[in-house]
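# Structural overview
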Amino acid sequence: TPDTRSLFVSTQADGRFTFAAAPLVVYDMTIEDPIGPGTAQRTGQLAGDTDLGTIVLDEAPPQVDTLVPAPSSAGVPRDQVVRITFTEPIRPGTASPSSITLEGPDGVVTALLDVSDGDRVVTLRPLNLLRDEAQYTVRVLPAILDRLGKAMVSPYVASFRTVDITAPRWLE
């Protein structure tokens, strides 16, 4: 836009920085480490001297931290809800049926997808019971982005096996 201005400044020895004569306006600030991958963003309204507090630069892309059910688990209930927790908040719009799937013996499982817990958790709720004694695979593609736009480095793939509900029988 015509009102866009770019200001550049280096930090002082104590990590503080000051923009001399910055206009009192709404701002979008991106802070980048010139020698590393760290980035941070802030948005606000300048109304005078403003202390932004401690800003921690985001250096790592998002990763899957935990999966429920646990990878390689067996005897998983047929009504299992899949819960994927990431190492940091993600952009909710990047969690979609094309980037996160649950696959079983009949192909991709139709499920409701929900992002929650500060955009760190994705929940898949299958619309139907899973088949018994079947292997299911969770796939998370690197289309998942964190809030700063960093993508997962590689796909995440884990499997689990559902419970065996076949009744026992006598063999003679």
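Above this text sits the structure in question.
### With respect to the nonpolar core
Counting residues in hydrophobic clusters, the biggest one holds 22 residues, and the most contacted among them are Ile84, Phe86, Ile100, Leu102 and Val140. Setting aside chain neighbours within four positions, we find Phe86 in contact with Gln63, Val64, Asp65, Ile100, Arg120, Val122, Val140, Ile144 and Met152.

### Examining the sheet that holds strand E7 (residues 111-116)
If you walk across this open sheet you meet the 4 strands as E3-E4-E8-E7, and the pairing is antiparallel. Looking at strand neighbours, the two that pair on one side only are strand E3 (64-68) and E7, the edges of this open sheet. Pairs of neighbouring strands in the sheet enclose a mean axial angle of 15°, with direction left out of account. Across 4 bridges, the pairing between strand E4 (residues 82-86) and strand E8 (residues 121-126) is antiparallel. Looking at E8, one finds that Arg83 is bridged to Thr123.

### Here we look at the pairing of strand E5 (residues 100-104)
Counted residue by residue, E5 has 4 buried out of 5 residues, so it is predominantly covered. Direction of pairing for E5 relative to strand E9 (residues 135-140): antiparallel, over a ladder of 4 bridges. Counterpart to Thr101 in the pairing with E9 is Arg139. Of the strand pairs in this sheet, E5 and strand E6 (residues 107-108) are connected by 2 bridges, and their pairing is antiparallel. Bridge pairing in E6 places Glu103 opposite Val108. Hairpin connection of E5 to E6: 2 residues between the antiparallel strands.

### Description of the environment of Arg91
With respect to the helices, strands and loops of the structure, Arg91 is situated in the loop between E4 and E5. Spatially, the C-alpha atoms of Arg91 and Arg147 are 5.2 Å apart, while their sequence positions differ by 56 residues. Setting aside residues no more than four positions away along its own chain, Arg91 makes contact with Leu145, Asp146, Arg147, Leu148 and Gly149.

### Considering the layout of surface pockets
In this model, the second largest pocket occupies a volume close to 160 Å³. Gly104, Pro105, Asp106, Gly107, Val108, Val109, Thr110, Asn128, Leu129, Leu130, Arg131 and Tyr136 together form the lining of the second largest pocket. Class assignment for the residues of the lining of the second largest pocket results in 6 nonpolar, 4 polar and 2 charged.

### Observations regarding unusual backbone geometry
Looking along the chain, the bond that leaves Val68 and enters Pro69 is cis, with omega of 5°. On the secondary structure map, Pro69 appears in the loop between E3 and E4. You will see that Asp117, though not glycine, has its phi angle at about 50°, which is positive. In this structure, Asp117 sits in the loop between E7 and E8. Under the relative-accessibility criterion, Asp117 is labelled partly exposed at 48%. The backbone of Asp119 sits at a positive phi, close to 65°, despite the residue not being glycine.

### So, the pattern of salt bridges
Enumeration over the complete set of coordinates arrives at 4 salt bridges. As a salt-bridge pair, Arg131 and Asp106 come within 2.9 Å of each other at their nearest N and O atoms. With Arg131 in the loop between E8 and E9 and Asp106 in the loop between E5 and E6, the pair connects residues that are 25 residues apart, well separated along the chain. For Arg131, a relative accessible area of 41% corresponds to the partly exposed category.

What counts and how
Residues numbered from 1 in each chain as written. Predicted model: local features only at pLDDT ≥ 70, side-chain atom pairs only at ≥ 80, totals over all residues. Heavy atoms only, no water. Core = buried A, V, L, I, M, F, W, Y, C linked by side-chain atoms within 4.5 Å. Buried < 20%, exposed > 50% of the residue type's maximum accessible area, 1.4 Å probe, protein only. Contact = heavy atoms within 4.5 Å. Pairing = 2+ DSSP bridges. Helix = DSSP H or I, 4+ residues; strand = E, 2+ residues; numbered from the N terminus. Axes fitted to C-alpha atoms, helices over the stretch in contact; angles between N-to-C directions. 1 Å grid on protein atoms, 1.4 Å probe; cavity = no way out; pocket = protein on both sides within 12 Å on 5 of 7 lines; lining within 4 Å. Points joined across faces, edges and corners; volume = space filled by probe spheres on them. Nonpolar A, V, L, I, M, F, W, Y, C, P; charged D, E, K, R; others polar. Salt bridge = Lys/Arg side-chain N within 4 Å of Asp/Glu carboxyl O.

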